[in-house]
Amino acid sequence: MVKNSFEFISSKSVMEPELKHHQKIATRNILVYAAISTFILSAVTHWVMGIDGKIPIIFVSFAVCNLLILYRFFQHENLVRVYFQGSALIFTALVLINLFSGGIDGVFNFYIPIVVLSGYSMRKKYGRFWMLMSLISLIAFYTLDGPVIQSMNEVGPEIRPFFIFLSLVTGTIIMGAIYGEYLVCLLYTSPSPRDVEESR
């Protein structure tokens, strides 16, 4: 029992620096990608898709705020603070985009599980918090779905398939190029029992 506990503590001490390193890289990559992609999406939604309402403004505002968070991250590298600022900003933007694109039928609902995943990749309690917030928002969209939300919809049926395509492409890049790489790094840097034994 004592031996197993010691091995668990040793394993945790071996993983801690690597875990924080990969979390910082993943956080930085998400902030950079989010800023670039939302600038592009704001231009596409306004000039290509012809949306003149609030959706392009939300994208631009999100991108600018994201760059400010990224700048602060390079200054102090406070991972927890940057994570909460970034995740709160992303969640707020997702709720607003979905609100103005159909509510429960919103084009960016695909991203909500990604926010939950990002929380669990940091800490279990963060994942549980964002899972609760995500469920509340989804239930609210479903419950309030009706003429009011539909009247706020800025994404017409003729451009909705293309908008959904863009959201799926950007979401797939996040899942693959960022979180996929992050999980692979964790998998190959986690200490094996032999590594734990050698570190004693």
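For the structure itself, look to the data block above.
What counts as what
Residues numbered from 1 in each chain as written. Predicted model: local features only at pLDDT ≥ 70, side-chain atom pairs only at ≥ 80, totals over all residues. Heavy atoms only, no water. Core = buried A, V, L, I, M, F, W, Y, C linked by side-chain atoms within 4.5 Å. Buried < 20%, exposed > 50% of the residue type's maximum accessible area, 1.4 Å probe, protein only. Helix = DSSP H or I, 4+ residues; strand = E, 2+ residues; numbered from the N terminus. Contact = heavy atoms within 4.5 Å. 1 Å grid on protein atoms, 1.4 Å probe; cavity = no way out; pocket = protein on both sides within 12 Å on 5 of 7 lines; lining within 4 Å. Points joined across faces, edges and corners; volume = space filled by probe spheres on them. Nonpolar A, V, L, I, M, F, W, Y, C, P; charged D, E, K, R; others polar. Expected span 1.5 Å × (residues − 1). Arc of directions from axis to C-beta. Patch = residues over 30% accessible without salt bridge, like charges linked within 9 Å, V, L, I, M, F, W, Y side chains within 5 Å. Areas by Shrake-Rupley, 256 points an atom, 1.4 Å probe, with all protein chains shown as cover. Salt bridge = Lys/Arg side-chain N within 4 Å of Asp/Glu carboxyl O.

Draft legend 1. Spatial organisation of the nonpolar core. The biggest cluster of nonpolar side chains holds 39 residues, and the ones touching the most others in it are Met 49, Ile 51, Ile 55, Phe 59, Ile 97, Phe 108 and Phe 163. When contributions to this core are tallied by element, the ones reaching two or more residues are helix H1 (2-48), helix H2 (54-76), helix H3 (79-99), helix H4 (112-122), helix H5 (124-144) and helix H7 (160-189). For this core, the element with the most residues is H3, which contributes eight residues. Setting aside its immediate chain neighbours within four residues, Ile 51 contacts Thr 45, His 46, Pro 56, Glu 154, Val 155, Ile 159 and Phe 163.

Draft legend 2. Just the environment of Phe 62, in detail. Structurally, Phe 62 is set in helix H2. Note on Phe 62: relative accessible area 7%, which makes it buried. Through-space distance from the C-alpha of Phe 62 to that of Ala 93 is 6.8 Å; in sequence the pair is 31 residues apart. If we ignore the near neighbours within four places in the chain, the residues touching Phe 62 are Ala 34, Thr 38, Leu 89, Ile 90 and Ala 93.

Draft legend 3. Summary view of empty space enclosed by the protein. For the coordinates displayed, the defined rule picks out two cavities of 30 Å³ or more. Here the largest cavity is characterised by a volume of approximately 490 Å³. Lining the largest cavity are 33 residues, with Ile 30, Ala 34, Phe 62, Ile 90 and Ile 174 sitting closest to its centre. Top element by residues in the lining of the largest cavity is H1. It accounts for ten residues. A class-by-class count of the residues in the lining of the largest cavity yields 24 nonpolar, nine polar and no charged.

Draft legend 4. Seen up close, H5. The end-to-end C-alpha separation of H5 is 30 Å, in line with the 30 Å expected for 21 residues at 1.5 Å each. When H5 is considered as a whole, its buried residues turn out to be Tyr 126, Gly 127, Trp 130, Ser 134, Ser 137 and Phe 141. Mapping the buried residues of H5 onto a view down its axis gives an arc of 95 degrees, with all of them on the same face. Turned more than 90 degrees from where H5 packs its buried face, Lys 124, Lys 125, Ile 139, Tyr 142 and Thr 143 sit exposed. Looking at the buried positions of H5, the neighbouring elements they touch are H3, H4 and helix H6 (147-151).

Draft legend 5. Representation of a nonpolar patch on the surface. Together, Trp 47, Val 48, Phe 162, Phe 165, Val 169 and Ile 173 line one region of the surface with nonpolar side chains, adding up to about 620 Å² of accessible area. If you list the elements that add at least two residues to the nonpolar patch, you get H1 and H7. Per-element tally for the nonpolar patch: the top contributor is H7, with four residues.

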